[in-house]
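Inside the fold
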Amino acid sequence: MMAKLHSFVETHPVASALLLGLGLRVVAATLGAGFHARDDYFHVLEPALKWLQNPSYDWDHSADPGAGIRSHLVPRTIWLLLILARALHIQTPEATLQFLSLVAAAYSLLVIPAMHFTASRLLSPRGTLLATLLAASHFAMPYAGTRLLIEAMAMPPLLAGVGLATFANTRKQFMAGLLIGLACWFRFQTGAAAAGVAVAVFLTAWQRGDRRGAWTQTLALASGGALAVVMQGLFDLGTTGGFLGPVLRNIAVNAHPDPGLSRSSAFTYLGTLLLLTLPPLSVVLLPPMVVAAKRLPQITWPFVGFVLLHSLVPHKEERFLLPILPLFLLFLAAVPE
């Protein structure tokens, strides 16, 4: 029986991981439905509930949390899902939250084929299988994937974009930029990883002697990202009245953060990442992960850029690292190689 299961997993890695990931996410969504932090309620569900009660509710000019500094993309999507829940006669708050968690879980499954695709470009078949299974079952993935966290929603497009950016092809680079730009639409700070991807694309082409390709591929990547920014800006213009209004106001607010926000040292995220390696296993895992990082610049540049930027910002929360969690899992999967 075990031999047949092992054979099925090796023959159908994505299907196996999807089944595993689905099971874990359904359990997390049904038995552990809830909120991770105040933002996934006040900045996502609360405005959606208020639009449901009053379609003319003006979130951006209200005194409610997140007003004017958050894109309408996710809360408007949740609002549409609430309308669907009503049509399906889902009435109680508990059942509604479970419904939303299950939809989030279904979306989060996209990270599994994205992981297999990206890992297959960079790792051995064994490492690819391990990375795909980690995307399905690492303890942080089912948990984050069933919460209304914009950081978790950025994972699938960012990871798929990183995978496409490994091709020396301008069309794929353009699509990579578009997908990474979508990840930034969920959370604009993901742009730090986007900059790292651009550096990796340029240096990879340059080091193999393709000077022209270094420029054309990076330009194609940037063009795809620019298109995503324009799309976001037009969406913001239609929903908030300002082109990239929420992003610009968010930056202005964070330039002078509320004194009540927590402050942490520049090394806080290193501790968070250490916990993801399940100490005391960290002693064994960290050295080969560092070696893997040196031979995987396509992953290392966006990962380091993202962590470095977030480490320089005084206010830190562990959820801020979620967009690049799949990149971390790629390092982890590369350990046995």
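Residues numbered from 1 in each chain as written. Predicted model: local features only at pLDDT ≥ 70, side-chain atom pairs only at ≥ 80, totals over all residues. Heavy atoms only, no water.

1. Section: the overall build of the protein
In terms of regular secondary structure, the protein is built from 18 helices and zero strands. For 337 residues, the compact-globule estimate of 2.2 N^0.38 gives 20 Å, and the C-alpha radius of gyration of the protein, at 20 Å, lies within 12% of that figure. For the protein, the spread of C-alpha atoms along the principal axes amounts to about 55 × 55 × 40 Å. The burial tally for the protein puts 48% of its 337 residues in the buried class. The long-range fraction of contacts in the protein, counting pairs at least 24 apart against all pairs at least 6 apart in sequence, stands at 72%. (Helix = DSSP H or I, 4+ residues; strand = E, 2+ residues; numbered from the N terminus. Rg over C-alpha atoms; globule rule 2.2 N^0.38 Å. Buried < 20%, exposed > 50% of the residue type's maximum accessible area, 1.4 Å probe, protein only. Contact = heavy atoms within 4.5 Å.)

2. A word on the layout of surface pockets
Taken as a whole, the largest pocket encloses approximately 790 Å³ of empty space. N250, N254, L261, H315 and F320 are, among the 31 residues lining the largest pocket, the residues nearest its centre. Mapped onto the lining of the largest pocket, the elements with two or more residues apiece are α3 (39-53), α9 (150-153), α14 (245-255) and α17 (297-312). Sorting elements by how many residues they give to the lining of the largest pocket places α14 first, with five residues. Broken down by class, the residue content of the lining of the largest pocket amounts to 15 nonpolar, seven polar and nine charged. (1 Å grid on protein atoms, 1.4 Å probe; cavity = no way out; pocket = protein on both sides within 12 Å on 5 of 7 lines; lining within 4 Å. Points joined across faces, edges and corners; volume = space filled by probe spheres on them. Nonpolar A, V, L, I, M, F, W, Y, C, P; charged D, E, K, R; others polar.)

3. Concerning the pattern of salt bridges
Within the structure shown, the criterion is met by seven salt bridges. Where R319 meets D39, a salt bridge forms, and the shortest distance between an N and an O atom there is 2.9 Å. Here the residue R319 occupies a position in the loop between α17 and α18 (325-333), and D39 occupies one in helix α3, the gap between them amounting to 280 residues. With respect to class, R319 is no different from D39; both count as buried. Taking the shortest distance from any N to any O, the salt bridge between R319 and E151 comes out at 2.7 Å. Of this pair, R319 sits in the loop between α17 and α18 while E151 sits in helix α9, and the two are 168 residues apart along the sequence. Taken individually, R319 and E151 each receive the classification buried, so the pair is uniform in this respect. In the salt-bridge network here, residues are joined through shared partners; they are R38, D39, R70, E151, R187, E317 and R319. (Salt bridge = Lys/Arg side-chain N within 4 Å of Asp/Glu carboxyl O.)

4. Observations concerning empty space enclosed by the protein
Counted by the stated rule, this structure contains two cavities of 30 Å³ or more. Taken as a whole, the largest cavity encloses approximately 250 Å³ of empty space. What lines the largest cavity is a set of 25 residues, among which R70, S71, I150, F186 and R187 lie closest to the centre. Mapped onto the lining of the largest cavity, the elements with two or more residues apiece are α3, α4 (73-87), α9, α11 (170-186) and α14. Element by element, the count of residues in the lining of the largest cavity is highest for α3, at four residues. Grouping the constituent residues of the lining of the largest cavity by class yields 14 nonpolar, five polar and six charged. In this structure, the second largest cavity spans a volume of roughly 30 Å³. Lining the second largest cavity are V162, A165, T166, V197, A200, V201 and Q298. The residue makeup of the lining of the second largest cavity, split by class, is five nonpolar, two polar and no charged.

5. Quick notes on a nonpolar patch on the surface
Among the surface-exposed residues, V230, L234, L237 and F243 lie close enough to one another that they form a single nonpolar patch of about 350 Å² accessible area. Relative to the assigned elements, L234 resides in helix α13 (residues 211-240). (Patch = residues over 30% accessible without salt bridge, like charges linked within 9 Å, V, L, I, M, F, W, Y side chains within 5 Å. Areas by Shrake-Rupley, 256 points an atom, 1.4 Å probe, with all protein chains shown as cover.)

6. Description of helix α12 (residues 191-207)
For α12, which comprises 17 residues, the first-to-last C-alpha distance of 24 Å matches the rise-based estimate of 24 Å (1.5 Å per residue) to within 8%. Looking at the buried residues of α12, the elements they touch are α10 (155-164), α11, α13 and α17. Phi turns positive one or two residues past the end of α12, at G209, with a value near 90°. (Expected span 1.5 Å × (residues − 1).)

7. What to know about the environment of Y41
Note that Y41 resides in helix α3. On the basis of relative accessible area, Y41 is assigned to the partly exposed category, the value being 28%. Placed 42 residues apart in sequence, Y41 and I83 show a C-alpha to C-alpha distance of 17 Å. Aside from chain neighbours lying at most four places away, what touches Y41 is F35, E46, P47 and L49.

8. Here we look at the packing of aromatic side chains
Per the stated rule, a full pass over the model turns up eleven aromatic pairs. Ring geometry for F35 and Y41: centres 5.3 Å apart, planes at 80°, overall edge-to-face. Within the aromatic cluster, the residues linked to one another by ring pairs are F35, Y41 and F42. Sitting over the face of the ring of W79, R76 holds its NZ or CZ atom 5.0 Å from the ring centroid. (Phe/Tyr/Trp six-rings, centres within 6.5 Å; stacked < 30°, edge-to-face > 60°. Lys NZ or Arg CZ within 6 Å of the ring centre and 35° of its normal.)

9. A word on the environment of T216
With respect to the helices, strands and loops of the structure, T216 is situated in helix α13. When its relative accessible area of 30% is taken as the criterion, T216 is described as partly exposed. At a separation of 3.4 Å, a polar atom in the side chain of T216 contacts the main-chain carbonyl oxygen of G213. (Polar contact = N/O pair within 3.5 Å; in protein donor to acceptor, adjacent residues only side chain to side chain.)

Nothing here speaks to function; it is geometry throughout.
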